[in-house]
Amino acid sequence: MRKRWMRLVAVADRWRGAAADSALWGGCVALVAWEVGGVRAAPVIEVAAVAAVLAAAFALRRRRPFAALGLALAALVAQVVAIALTLTSTLALSYAVACAVLAFSAGRRSDRTASVAAMFATAALATLMAYAVNWIRVGDARETLTGVTDWAGGLAALAAIMLAPWLLGRYRRRHAELRTAGWEIAERMERARDLDAERARLRERARIATQMHDSLGHDLALIAVRAAAVEMAPEDGGTREAAAGLRSAAHDANLRLREIIGVLREDADAGTRNGAEGEGDLAALVDRAVRAGLDVRLLREGADPDPASPAGRAAHRVVEEALTNAARYAPGAAVTVRLVRAEGVTRVRVSDTGSAGAAAPRGPAVRDGSGLAGLRELVEGRGGGFSAGPGTATDGGVRGFAVAADIPDSAEPPPGTGPEGTETARRLSGARRSARRRLAAALTVPPALAATAVAAGFAVLAYVGTHTVLPADDYARLRVGQDRAAVERELPRFDYPARDLVDPPPAPPGSTCRFYLVEWENGLPPVYRLCFAEGRLAAKDRIARG
């Protein structure tokens, strides 16, 4: 059922896309027909050709977006080339509408920039070559430079018609990806939350198991020590007192077991808090071991860590596990607990002398059980150091066992676990930065290109205009009848085109005239007219316009 529904949705999407393409194609063709019909003498052939080109372009818009854009751009460039070659004089702006629509569509469907850059450069070179052909045919330097301004204006228009919609389409695509990524990240966060809850349950179970191993195991080890003392004591040598101590230790172990099992009925925070409150400080731990019969000596330098702090609980666990191992594997050994606290670090070292008359231990693996492994994970997880191995070297070999831990008061979270270090946060942040960059490019690149082209065109116009002005002093020095060559040496580089004058006065019979600006300004400034006949200046006058 679900697959059938997905197929129906896909078919509906295809039909909706085809209808949208048909509507866009019909609108563009109707706009071209309306505009061309008002400016062309025979628009039918041109409209039919444009309709066929746009039909192919909109058919390729989804699968080949850059090919579709190329077809629409080719139609627009063909019209500009026709104007540059003076085959027509009117530009139909409706050609640009289809180009802008297909450029936006290409930006939404692909990130490729090389294709758009190649099409923009090709269009610019094609129009430049058309203008160059016309400049060569006319053979007038002033017309050539004026045509450069027309070409620069065309580049500015092309940037607005093609580049701006394409960049906006790229931004729209990235914005849609960002929205999709947001839903994906939300779904992933839900899955991660479920996984975190499962991990929390597993961590709590592991914590309870560790607490049972450490605390209850420590009490049971002390019971074993007391039981050994009862076993070895003479029948009348204080057996009653030893048995009473053994009963008390068993009672304490039973209470500890009830306490740990009670954690299973509470949340993790309450269990951790209750465990911390029941552990007590290190002096009480060592005193309990001494009363059980262990030979333990406590050496302290500096203040004791807070028993309720994470560092204090970690130190308590290290000492507790070390005393338990000494009671199990080295009965009768002398144990030294050294606690040094300085510069925010608690250094714990617990060493024993080994069992009397026992052989040297085989190595750290003898006592590297689950308890020491858990201690290593606990201490190193807080950024500290942990080691466990053979103790003091003597003439008879290495004797005893030592456990050492450096526990910092504060632990930094591991890298990559914070909100900014997660993969989802990095992906979301990267998508946002990419969307902002594309929006900035869409808002700055086309205006910058257009401004550059327009500035270049105005610079050329200024150059041509200033070199078309005949200064008044130079005009006053010219005399009718003067040799033409001498007159031309005083003239500016460019003359003003006669076609830009409306109804100029008639020239003297048999003469040719040139025009020069009196001053360079907008509008219709006055011009000087110089007429030459038979190689001499035949007439000069000033013509006011406007």
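Predicted model only: the values in this text are computed from it and were never measured.

A.B. asks: When you look at the overall build of the protein in this model, what are you seeing that I'm missing?
C.D. replies: If you tally the helices and strands in the protein, you get 14 helices and 8 strands. When burial is assessed residue by residue, the protein has 38% of its 546 residues classed as buried. Considering only intrachain contacts with a sequence separation of at least 6, the fraction spanning at least 24 residues in the protein is 69%. As displayed, the protein has an accessible area near 30600 Å², and 59% of this comes from carbon and sulfur atoms.

A.B. asks: Any chance you could explain helix 9 (residues 282–291) here in plain terms?
C.D. replies: Spacing of three or four residues puts side chains on the same side of an α-helix, whose turn is 3.6 residues. Looking at helix 9, one finds that the buried residues are Leu282, Leu285, Val286, Arg288 and Ala289. Buried residues in helix 9, looked at end-on, bunch into an arc of 155°, giving them a common side.

A.B. asks: Whenever I open this one, the pairing of strand 3 (residues 345–352) confuses me. Can you help?
C.D. replies: Look at any regular strand and the pattern is simple: side chains alternate between the two faces of the sheet. Counting buried residues along strand 3, 6 of its 8 residues qualify, which places the element largely inside the surrounding structure. Two elements, strand 2 (residues 334–342) and strand 3, share 8 bridges in a ladder whose sense is antiparallel. Within strand 3, the position partnered with Val337 by the bridge is Val350. As consecutive antiparallel partners, strand 2 and strand 3 are separated by 2 residues, and within that stretch Glu343 has a phi angle of approximately 55°, a positive value.

A.B. asks: How should I be thinking about the environment of Glu35 in this particular structure?
C.D. replies: Position of Glu35 relative to the elements: it lies in helix 1 (residues 2–39). Between the alpha carbons of Glu35 and Ser94 there is a distance of 7.0 Å; along the sequence they are 59 residues apart. Those residues in contact with Glu35, other than ones at most four positions away along the chain, are Leu91, Ala92, Leu93 and Ser94.

A.B. asks: I tried to follow helix 3 (residues 65–84) on my own but got confused; where do I start?
C.D. replies: Taking 1.5 Å of rise per residue, 20 residues should cover 28 Å, and helix 3 covers 29 Å from first to last C-alpha, within 8% of that figure. Looking at helix 3, one finds that the buried residues are Pro65, Phe66, Ala68, Leu69, Ala72, Leu73, Ala75, Leu76, Val77, Gln79, Ala82 and Ala84. Of the residues flanking the end of helix 3, it is Thr86, one or two places downstream, whose phi is positive at about 60°.

A.B. asks: Please explain a positive patch on the surface as it appears in this structure.
C.D. replies: A surface patch of like charges, here positive, comprises Arg108, Arg109, Arg172 and Arg179. Within the secondary structure, Arg109 is located in helix 4 (residues 94–109).

A.B. asks: Can you help me understand the sheet that holds strand 6 (residues 512–517) in this one?
C.D. replies: Strand pairs in the sheet, formed through backbone hydrogen bonds, run parallel or antiparallel to each other. The strand order across the open sheet formed by 3 strands is 6-7-8, and the pairing between neighbours is antiparallel. What marks the edges here is a single partner per strand, and that holds for strand 6 and strand 8 (536–543). Going from strand to strand, the sheet's axes swing by 20° on average, the running direction of each strand aside.

A.B. asks: How should I be thinking about the environment of Leu537 in this particular structure?
C.D. replies: Note that Leu537 resides in strand 8. The spacing of Leu537 and Arg479 is 58 residues in sequence and 7.4 Å in space, taken between C-alpha atoms. If we ignore the near neighbours within four places in the chain, the residues touching Leu537 are Leu478, Arg479, Val480, Gly481, Gln482, Val487, Leu530, Cys531 and Phe532.

A.B. asks: Sorry if this is basic, but what is going on with the state of the cysteines here?
C.D. replies: A covalent bond between the sulfur atoms of two cysteines is what we call a disulfide. A full pass over the atoms with the stated rule returns 1 disulfide. Between the sulfur atoms of Cys513 and its disulfide mate Cys531 the distance is 2.0 Å. Here the disulfide of Cys513 and Cys531 is right-handed, its torsion about the S-S bond being about 95°. With Cys513 in strand 6 and Cys531 in strand 7 (residues 527–533), the pair connects residues that are 18 residues apart, well separated along the chain. With a relative accessible area of 23%, Cys513 lands in the partly exposed category.

A.B. asks: Even after reading the chapter, I still don't get the packing of aromatic side chains, so can you show me in this structure?
C.D. replies: Aromatic ring pairs: the centre-centre distance and the angle between the two ring planes describe each pair. Across all of its chains, the model carries 2 aromatic pairs by this definition. An angle of 75° between the planes, with centres 6.2 Å apart, marks the rings of Tyr463 and Phe494 as edge-to-face. Taken together, the positions of Tyr463 in helix 12 (residues 423–466) and Phe494 in the loop between helix 14 (484–488) and strand 6 put the pair 31 residues apart, joining distant regions of the chain. Above the ring of Phe532, the side-chain terminus of Arg484 is found at 4.6 Å from the ring centroid. The residue whose ring lies beneath Lys540 is Tyr475, and the NZ or CZ to ring-centre distance is 4.4 Å.

A.B. asks: Can you walk me through the pattern of salt bridges in this structure?
C.D. replies: Oppositely charged side chains may form a pair once their charged atoms are brought near each other. Within the structure shown, the criterion is met by 9 salt bridges. Note that Arg514 is salt-bridged to Glu488, the shortest N-O span being 3.4 Å. Of this pair, Arg514 sits in strand 6 while Glu488 sits in helix 14, and the two are 26 residues apart along the sequence. Its relative accessible area of 32% is what places Glu488 among the partly exposed residues.

A.B. asks: What is the right way to look at the packing of helix 3 against helix 4 in this model?
C.D. replies: A pair of packed helices is captured by two measures, namely the crossing angle of their axes and the spacing between those axes. In contact at an axis separation of 9 Å, helix 3 and helix 4 are set at 155° when each is read in the N-to-C sense. Classified by the angle their axes make, helix 3 and helix 4 are roughly antiparallel. Crossing of helix 3 against helix 4: the hand is left-handed. Here helix 3 contributes Pro65, Phe66, Ala68, Leu69, Ala72, Leu73, Ala75, Leu76 and Gln79 to the contact with helix 4, which in turn contributes Tyr95, Ala96, Ala98, Cys99, Leu102, Ala103, Ala106 and Arg109. Split by residue class, the contact of helix 3 with helix 4 holds 15 nonpolar, 1 polar and 1 charged.

A.B. asks: Any chance you could explain the nonpolar core here in plain terms?
C.D. replies: The tendency in soluble globular proteins is for nonpolar side chains to be buried as a group. One finds Leu54, Leu69, Leu73 and Met162 to be the most contacted residues of the largest nonpolar core, which totals 48 residues. Looking at this core, the element that brings in the most residues is helix 6 (residues 141–232), giving 11 residues. The contacts of Leu73, once residues within four sequence positions are left out, are Cys99, Met119, Ala123, Leu158 and Met162. Of all hydrophobic cores here, the second largest spans 28 residues; its members include Ala314, Val348, Leu375 and Val379.

A.B. asks: What should I look at first to understand unusual backbone geometry in this one?
C.D. replies: Most peptide bonds are trans, and most residues other than glycine sit at a negative phi. In this structure, Glu343 takes a positive phi of about 55° despite not being glycine. The residue Glu343 is located in the loop between strand 2 and strand 3 in this model. Classification of Glu343 by relative accessible area gives exposed; the value is 82%. The phi dihedral of Glu534 falls on the positive side, at around 55°, and the residue is not glycine. Its location among the elements puts Glu534 in the loop between strand 7 and strand 8. The exposure class assigned to Glu534 is exposed, which follows from its relative accessible area of 83%.

What counts and what doesn't
Residues numbered from 1 in each chain as written. Predicted model: local features only at pLDDT ≥ 70, side-chain atom pairs only at ≥ 80, totals over all residues. Heavy atoms only, no water. Helix = DSSP H or I, 4+ residues; strand = E, 2+ residues; numbered from the N terminus. Buried < 20%, exposed > 50% of the residue type's maximum accessible area, 1.4 Å probe, protein only. Contact = heavy atoms within 4.5 Å. Areas by Shrake-Rupley, 256 points an atom, 1.4 Å probe, with all protein chains shown as cover. Arc of directions from axis to C-beta. Pairing = 2+ DSSP bridges. Expected span 1.5 Å × (residues − 1). Patch = residues over 30% accessible without salt bridge, like charges linked within 9 Å, V, L, I, M, F, W, Y side chains within 5 Å. Salt bridge = Lys/Arg side-chain N within 4 Å of Asp/Glu carboxyl O. Lys, Arg positive; Asp, Glu negative; His and termini not counted. Charge placed at Lys NZ, Arg CZ, Asp CG, Glu CD. Axes fitted to C-alpha atoms, helices over the stretch in contact; angles between N-to-C directions. Disulfide = S-S within 2.5 Å. Phe/Tyr/Trp six-rings, centres within 6.5 Å; stacked < 30°, edge-to-face > 60°. Lys NZ or Arg CZ within 6 Å of the ring centre and 35° of its normal. Parallel < 35°, antiparallel > 145°, perpendicular 65-115°, else oblique. Left-handed = near helix turned anticlockwise from the far one by under 90°. Nonpolar A, V, L, I, M, F, W, Y, C, P; charged D, E, K, R; others polar. Core = buried A, V, L, I, M, F, W, Y, C linked by side-chain atoms within 4.5 Å.

Note that all results are geometric; they support no functional claim without further evidence.
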